[in-house]
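# What the coordinates show
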Amino acid sequence: MQDYQKILNNIHKTLSQVENKGEVANYIPELAKVSKDKFAIYLNTINANNFEVGDAETAFSIQSISKVFSLAMAFANQGNKLWERVDVEPSGNPFNYLSLLEREKGIPRNPLINSGSIVIADCLVSSLENPKEDFLQFVRDLANDQSIDFDKKVAESEHKTGFRNYAIANLLKSFGNLENEVETVLDFYFHQCSIAMNCKQLSNAFFAFANQGICMGGNACLTATQAKRINAIMLTCGFYDEAGEFAFEVGLPGKSGVGGGIVALLPNEFVITTWSPGLNDKGNSYLGMKALEQFTTQTKSSIF
Ligand code: GLU
């Protein structure tokens, strides 16, 4: 087996000396309060070995990484019917882009951009008895950790400033692709994005995607086919308009969030999570991208 601890330590040390050109997201005021100096990596292998370096047990706002969890829950509940309301093509556009949605008549390109995730949120609001609580429980079960929670301050902060998401939800509603009220769906969406998790909890929660749908606790959270399809969507759509660049540099399915987290995985092998809040101009963690590039290069573990 490779000496993962040594590899992670070296990557962390090398990158801690590099100038961090990223900027912390400030369009959600509560996120701007996080220090740019935080930097962590956590690796969880399929045979249950784990390795960490840096602030791997400090919680941060998972933001768009939550879109994978809501997609998984909706897909597990509704199966292929889901694809009538959202497509599975990369968008090549920023996460909160509006004009494509107008052109494509309210069918979002994929479930990992804001418009697609807002449609998924609508599906969950329609089908769950207590949508926010049931979703949180799903994430806790995926991670096998009952302490995970929403960060109400972050949800409230986005509620006050989420003007583009209101525009997206209203456009979806005008095309008949939102069953519930805009306010109800966005309340769910802002809460899902506000969930606070650390690198360890995220790696544990993504274990099911690397493990044919069987989660950390041993339950089948998804079918193997569903896990396969979600990994494919992560690979092609998980990094906003930088999905090509991530495949080129890192070569793994994954998902980033504007809180500075990135989770990536090699099916049947491992899950790796990085956290560094400084974002590049596409909204992906500047050091996180570099750390993952070095990791897959040094361990020869890209899927390509
Ligand atoms: N809640 C954020 C938004 O909708 C998520 C963005 C992200 O992490 O990409 O703007």
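Residues numbered from 1 in each chain as written. Predicted model: local features only at pLDDT ≥ 70, side-chain atom pairs only at ≥ 80, totals over all residues. Heavy atoms only, no water.

### Description of the nonpolar core
By size, the foremost hydrophobic cluster in this structure holds 67 residues, and its most contacted members are Phe69, Met197 and Phe206. Those residues in contact with phenylalanine 69, other than ones at most four positions away along the chain, are Ile62, Phe135, Phe138, Val139, Leu142, Met197, Leu202, Ala205 and Phe206. Listed in part, the 25 residues of the second largest apolar core include Phe39, Ile272, Leu287 and Leu292. (Core = buried A, V, L, I, M, F, W, Y, C linked by side-chain atoms within 4.5 Å. Buried < 20%, exposed > 50% of the residue type's maximum accessible area, 1.4 Å probe, protein only. Contact = heavy atoms within 4.5 Å.)

### Concerning the packing of aromatic side chains
Remark: the centre distance and the inter-plane angle together describe each pair of aromatic rings, the angle taken between the planes. Here the structure, examined in full by the defined rule, presents eleven aromatic pairs. A centroid spacing of 6.2 Å and a plane angle of 55 degrees characterise the contact between tyrosine 166 and phenylalanine 190, whose relative ring orientation is tilted. Of this pair, tyrosine 166 sits in helix α7 (residues 163-174) while phenylalanine 190 sits in helix α8 (residues 182-194), and the two are 24 residues apart along the sequence. With respect to class, tyrosine 166 is no different from phenylalanine 190; both count as buried. Look at phenylalanine 206 and phenylalanine 209: their rings are 5.2 Å apart centre to centre, the planes differ by 55 degrees, and that puts the pair in the tilted class. With a relative accessible area of 2%, phenylalanine 209 lands in the buried category. (Phe/Tyr/Trp six-rings, centres within 6.5 Å; stacked < 30°, edge-to-face > 60°. Helix = DSSP H or I, 4+ residues; strand = E, 2+ residues; numbered from the N terminus.)

### Considerations on the site of the ligand
The local shell around the ligand consists of Tyr27, Gln63, Ser64, Phe95, Asn114, Glu158, Asn165, Tyr189, Cys193, Tyr240, Gly257 and Val258. Within the side chain of glutamine 63, one N or O atom sits 2.6 Å away from a nitrogen atom of the ligand. A distance of 2.9 Å separates an oxygen atom of the ligand from a polar atom in the side chain of asparagine 114. Calculation on the ligand without its partners gives an accessible area of 300 Å², and the protein chains cover 99% of this total. Looking at the shell around the ligand residue by residue, the classes come out as six nonpolar, five polar and one charged. (Near = heavy atom within 4 Å. Polar contact = N/O pair within 3.5 Å; in protein donor to acceptor, adjacent residues only side chain to side chain. Areas by Shrake-Rupley, 256 points an atom, 1.4 Å probe, with all protein chains shown as cover. Nonpolar A, V, L, I, M, F, W, Y, C, P; charged D, E, K, R; others polar.)

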